[in-house]
Amino acid sequence: MICYMFVLGMEMDPYVIFKAPSRSAMVAYAGMVPTIILACSMTLLLHYYQHPTIGFTFSLSTTLSGSSSHILTRLITSLKIGKSDIGKLVIAAGMHSDMISVLLVSVGYLGFPTAVTVNDFAANIRMTLTMAAALLLQVIFTATVSPIFMNWVNNENPEGKPMKGSHLVLSVAYMAFVCSGAPIYGYSPILSAFVAGVFLPSEGRVSKWAVGKINYLLPTIFYPVFFFWMGFHADFSKFEASHWETWGRFLVLVFITIFGKVIGTVICGVMLGFHQRESAELGLLLAAKGHFHVFLAVIGILLNITSTTTSISIIIVIFLSVLPTPLVVSQIIKRARKRAPTQRVALEWLDPSNELRILLCIQGVHNVLSTINLMEISQGASDPGILVYLTDMVELTDQIASTLVQEGMDTVTVMDKDVTEMRDQISTAVQAYVEENGNGITLRRMLALSTFNGMAKDICNLAEDLMISLVILPFHKNRHANGTLDGGNPGFRYVNRKVLRNAPCSVGILVDRGYGLVEKISKSVSSFQVAVIFFGGKDDREALAYAGRVARHPGVKLTVIRFLLDSDSVTASRRAGNCRINAAEQEEEMKLDDESFAQFYERHIAGGHVSYSEKHVANSAETYTTLRSLEGQYGLIIVGRGGRVDSILTIGMNDWQQCPELGPIGDVLSGSDSSHTTSVLIIQQHSLKGELDGVDDEFSIM
């Protein structure tokens, strides 16, 4: 229980108490206060305890008013509403409610210690003052010394390398030391561990290591032992089910737990402008209790404070408090499906005031220079800027698998020398660029370590968890010295094709044919030539939206090339393609194309910084010839993968594709037989497939 409470405390931030109350804090307080009032007023009348005490009434009221953030976070995340507004609010409010309630119990223990009899008033006062002084000194020491010690250990043990054994021993010894100060003077070791955990830094490698290790042990060792211990002491055969008073007390506990939370959150929701239905659902979700509350109920039996019947009633209520959560979440998801937008994650619909989140994948050191140049032209304005998750794609071989070191339930460290050296080189080069030129770029390092069969799923999961708007993958072929492309790695090609099929956001594939050889792109002179090709369709609109960010770079000279059907060939093309074109669908797509292009023209082209040209062609043969003529004129060409409604201009081009994952236009521009130095970025817009499994986007239902 000490380990459980220690981790619970480490996942909380005590300093939010001293800030202006946020929405989540107000919801937490609103759910707690009515529950405490109801519990204090009603439990006194129903004799839940052997001997009437203020301490028990306070403990029971606080227990019923709290929430289990550990249980609540797991449930909300597992049920896939963790990224919705109500999911985030519930998790934050549950964390706040849990922290406040356990801190109240921790402070209340000073006034009502279980080690001293109630009748011994003088001893009680002495014990209270001694424990309070010890706890205060422990808190001050932990809050002031811990950041210094933890930062030192973190700096000595950078990410990606195994922690030194001496530092591990020191870290564990230090954590044990800060937890054991107050218990020496009679304070509860379990509550002391929680208080110490609250004031320890939650960030940094040492903290993550400790949380990972303990969280790994909890489901494998602690939970089975805990529930066995609970069942052993809370003998359910002693539950007096034949007495109506038992059921009366039980129903009152249910009423206090549910009604107190719901009435509080509804009142708070009216003040904050929430819908009443969502406010009531907040209350039901926040009523969930957990292991600490069960522990307090069993302790009541062991200390002979409550009868076995009363404690069992409290335990049953705690278990029942979790039951409404899946039902409430299913209703939230059912309503969310009706309101979810048709395009969840697309650059075309991205709010310009929000930062762009990019998952930038990299196969090795040879991709570093093109990666840096891509970050450079993608950064847009420094406010809001971009958040780049630079992800190494590393195939998990038997040799690498033998070097993995498990550091927690979800954390492993790669010890393979080649992998660590590669990652260090990439990190050093990219971090140096960001520090010198990356104004507005926030960099995070990630690792997709898997077999080729599972790597695409790992990348898609990362994109979903990190709420990525665009995943950019390197092409599986690399450039020879003469400018042509090699045969490539079929494993990475398989990964790219699977990501294109399953990604929860837009995907780009970068064909590097010299983009990485480009010297530093100037921020004062428009020297780097970029073109975006626009035929029409959702993927081309996505490419145009990305080009809008590129256009903001002062060192880029952007040209928009729009391909249009030659007016003399319209009638003939209609006769040729009438049987294959859905007129209504084509008209809708053309309307969206014109709206998107008009907005881009007004925002970028009309000002003169972006050039514009039109190419009038009659058929796909002319399209092919025109595309080949563009090679060598630009350093980078941005184009949509496909998504066009049977365009006459590209019909038949699919028949001779070498790499279908690039689309017909991207395949022509990046042909392996060409020696030109024009790189190509092919973009595919995300599209929904079937019904939503959960609520993974940031819609608002409040």
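Keep in mind it's a predicted model, so treat the numbers as computed, not measured. Counting restarts for each chain, with residues numbered from 1 along the sequence as it is written. Totals for whole chains, interfaces and linings use all residues, but because this is a predicted model, local features are given only for residues with pLDDT of at least 70 and pairs of side-chain atoms are given and counted only at 80 or more. Hydrogens and water molecules were not included; the side-chain quantities draw on all heavy atoms of the structure.

Undergrad: Hey, could you run me through the sheet that holds strand 11 (residues 636-640) in this one?
TA: Think of a sheet as strands paired side by side through backbone hydrogen bonds, with each pair either parallel or antiparallel. At least two DSSP bridges between two strands are required for those strands to pair. In this text, helices come from DSSP runs of H or I with a minimum length of four residues, and strands from runs of E with a minimum of two, each type numbered from the N-terminal end. One open sheet accounts for 10 strands, arranged 5-2-1-6-7-12-11-8-9-10; its pairing is mixed. At either margin of the open sheet sits one strand with a lone partner, and together these are strand 5 (441-450) and strand 10 (611-617). Going from strand to strand, the sheet's axes swing by 20° on average, the running direction of each strand aside. Inspection of the sheet shows strand 8 (residues 528-534) paired to strand 11 by four bridges, in the parallel sense. Across the sheet, isoleucine 533 pairs through a bridge with valine 639, a residue of strand 11. Sheet strands in contact with helix 18 (residues 452-465) are strand 1 (356-362), strand 2 (386-395), strand 5 and strand 6 (470-474), and its direction is about 150° off that of strand 5. Residue contacts follow a heavy-atom distance rule, with two residues in contact if any of their heavy atoms lie within 4.5 Å. Structural elements are reduced to axes, namely lines fitted to C-alpha atoms, with helices fitted over the stretch in contact, and the angle between N-to-C directions of any two is expressed from 0 to 180 degrees. Where helix 19 (residues 490-502) meets the sheet, it contacts strand 2, strand 6, strand 7 (506-511) and strand 12 (679-684), and its direction lies at approximately 150° from that of strand 7.

Undergrad: Which parts of the structure should I look at to understand the confidence of the model for the chain?
TA: Low pLDDT marks regions whose predicted coordinates should not be analysed in detail. Known as pLDDT, the predictor's confidence for each residue is given on a scale from 0 to 100. Summarising the model, the chain shows a mean pLDDT of 82, and 87% of its residues fall at 70 or more. Per-residue pLDDT stays below 50 along residues 571-579; that stretch engages in three contacts with residues further than four places along the chain or on separate chains. The low-confidence segment residues 689-702 (pLDDT under 50) makes 44 contacts with residues lying over four places distant or belonging to another chain.

Undergrad: Teacher, can you tell me more about the packing of helix 3 (residues 54-65) against helix 5 (residues 85-111) here?
TA: Angle between the axes and distance between the axes: these two values describe a pair of packed helices. Relative to each other, helix 3 and helix 5 sit at 170°, their axes nearing to 9 Å. It follows from the interaxial angle that helix 3 and helix 5 lie roughly antiparallel. Packed against helix 3, whose contacting residues are Phe58, Thr62 and Ser65, the element helix 5 presents Ser97, Ser101, Leu104, Val105 and Gly108 at the interface. Within the contact of helix 3 with helix 5, the residues separate by chemical class into three nonpolar, five polar and no charged. When an angle is under 35 degrees it counts as roughly parallel; over 145 it counts as roughly antiparallel; between 65 and 115 it counts as roughly perpendicular; any other value is oblique. For this classification, the nonpolar set comprises Ala, Val, Leu, Ile, Met, Phe, Trp, Tyr, Cys and Pro, the charged set comprises Asp, Glu, Lys and Arg, and every other residue, Gly included, is treated as polar.

Undergrad: Help me understand the pairing of strand 8 in this model?
TA: Regular strands have side chains that alternate between both faces of the sheet. Counted residue by residue, strand 8 has six buried out of seven residues, so it is predominantly covered. Taken together, the seven bridges between strand 8 and strand 9 (residues 556-565) define a ladder with parallel strand orientation. Looking across to strand 9, one finds that glutamine 529 is bridged to lysine 557. Orienting the strands away from the viewer, one traces the path from the first strand over the helix to the second; a clockwise path indicates a right-handed crossover. Taken together, strand 8, helix 20 (residues 538-550) and strand 9 constitute a β-α-β crossover, and its handedness is right-handed. Buried, partly exposed and exposed residues are distinguished by accessible area as a fraction of the type maximum, computed with a 1.4 Å probe on protein chains only: under 20%, between the cut-offs, and over 50%, respectively.

Undergrad: How do you make sense of the environment of arginine 562 when you look at a structure like this?
TA: Its place among the elements puts arginine 562 in strand 9. Overall, arginine 562 belongs to the buried group, its relative accessible area being 14%. Distance in space between the C-alpha atoms of arginine 562 and lysine 615 is 6.2 Å, their sequence separation being 53 residues. When residues no more than four places from it in sequence are discounted, the contact partners of arginine 562 are Phe534, Asp594, Phe597, Tyr612, Ser613, Glu614 and Lys615.

Undergrad: I would appreciate a short explanation of the state of the cysteines in the present structure.
TA: In protein structure, a disulfide is the covalent linkage between the sulfur atoms of two cysteines. Cysteine sulfur atoms that come within 2.5 Å of each other are treated as a disulfide pair. Across all of its chains, the model carries zero disulfides by this definition. The thiol of cysteine 3 is not disulfide-bonded; the next cysteine sulfur, from cysteine 179, is found 8.9 Å away. You can call cysteine 3 partly exposed: its relative accessible area is 46%.

Undergrad: What am I meant to see in helix 13 (residues 308-320) here?
TA: Helical periodicity: at 3.6 residues per turn, an α-helix aligns residues three or four positions apart in one direction. Given the number of residues in a helix, its expected span is that number minus one, multiplied by 1.5 Å. Between the first and last C-alpha of helix 13 there are 18 Å, a value that for 13 residues agrees with the 18 Å anticipated at 1.5 Å per step. The buried fraction of helix 13 is high, at 10 of 13 residues. As for helix 13, its buried residues are in contact with helix 3, helix 9 (205-233), helix 10 (244-272) and helix 12 (291-302).

Undergrad: What am I meant to see in the nonpolar core here?
TA: A general tendency of soluble globular proteins is for nonpolar side chains to be buried together. By nonpolar core is meant a set of buried Ala, Val, Leu, Ile, Met, Phe, Trp, Tyr and Cys residues that side-chain atoms within 4.5 Å join together. Judged by nonpolar contacts, the single largest core of 69 residues is most densely connected at Met1, Tyr4, Met5, Phe6, Tyr187 and Phe194. If we skip the residues at most four places from it in the chain, tyrosine 4 touches Ser68, His70, Leu218, Phe222, Tyr223, His291 and Phe292. By size, the runner-up hydrophobic cluster in this structure holds 51 residues, among which are Met375, Val434, Val556 and Ile605.

Undergrad: So what exactly am I meant to see when it comes to the pattern of salt bridges here?
TA: Whenever a carboxyl oxygen of Asp or Glu lies within 4 Å of a side-chain nitrogen of Lys or Arg, that contact is scored as a salt bridge. Counted according to the given criterion, the structure contains 13 salt bridges. Taking the shortest distance from any N to any O, the salt bridge between aspartate 392 and arginine 445 comes out at 2.7 Å. Taken together, the residues span a long stretch of sequence, with aspartate 392 in strand 2 and arginine 445 in strand 5 at a distance of 53 residues. Overall, aspartate 392 belongs to the buried group, its relative accessible area being 0%.

Undergrad: Would you mind going over a nonpolar patch on the surface with me for this structure?
TA: A cluster of nonpolar side chains, contributed by Tyr15, Ile17, Phe18, Tyr29, Val33 and Ile37, occupies part of the molecular surface with about 590 Å² of accessible area. Tracing the backbone shows isoleucine 37 in helix 2 (residues 23-46). Patches in this entry comprise residues that are over 30% relatively accessible and not in a salt bridge; like charges within 9 Å are linked, as are nonpolar side chains (Val, Leu, Ile, Met, Phe, Trp, Tyr) within 5 Å. Each accessible area value is a Shrake-Rupley result obtained with a 1.4 Å probe; residue values ignore everything except the protein chains displayed when judging cover.

Undergrad: Is there a simple way to think about the packing of aromatic side chains in this case?
TA: Centre-to-centre distance and the angle between the planes together describe a pair of aromatic rings. For this analysis, a ring pair means two rings from Phe, Tyr or Trp (six-membered ring only for Trp) whose centres lie within 6.5 Å, classed as stacked if their planes differ by under 30 degrees, edge-to-face if by over 60, and tilted for the remaining angles. Enumeration over the complete set of coordinates arrives at 20 aromatic pairs. When the ring of phenylalanine 149 is compared with that of tryptophan 152, the centres are 6.3 Å apart and the planes differ by 45°; the resulting orientation is tilted. With phenylalanine 149 and tryptophan 152 both in helix 6 (residues 121-156) and three residues apart, the pair spans about one turn of that helix. Judged by its relative accessible area of 15%, phenylalanine 149 falls in the buried class. On the accessibility criterion, tryptophan 152 (37% relative accessible area) is partly exposed.

Undergrad: Can you help me understand the pairing of strand 6 in this one?
TA: Burial analysis of strand 6 places five of its five residues in the buried class, which makes it a mostly covered element. Burial along strand 6 is two-sided: the face carrying Leu470, Ile472 and Pro474 and the face carrying Val471 and Leu473 are both buried. Bridging between strand 1 and strand 6 involves three bridges; their strand directions are parallel. Across the sheet, leucine 359 pairs through a bridge with valine 471, a residue of strand 6. Across five bridges, the pairing between strand 6 and strand 7 is parallel.

Undergrad: Just checking my understanding: could you explain unusual backbone geometry for this structure?
TA: Trans peptide bonds make up most of the peptide bonds, and negative phi angles are found at most residues other than glycine. Phi at methionine 467 takes a positive value of approximately 55°, unusual for a residue other than glycine. Looking at where methionine 467 falls in the secondary structure, it is placed in the loop between helix 18 and strand 6.

Undergrad: Can you help me understand the packing of helix 12 against helix 13 in this one?
TA: In the contact formed by helix 12 and helix 13, the axes pass within 8 Å of each other and the chain directions differ by 175°. If you check the angle between helix 12 and helix 13, you find them roughly antiparallel. Only Thr308, Ser311, Ile314, Ile315 and Ile318 of helix 13 make contact with helix 12, whose side of the interface consists of His293, Val294, Ala297, Val298, Gly300 and Ile301. Residues belonging to the contact of helix 12 with helix 13 are distributed by class as follows: seven nonpolar, four polar and no charged.

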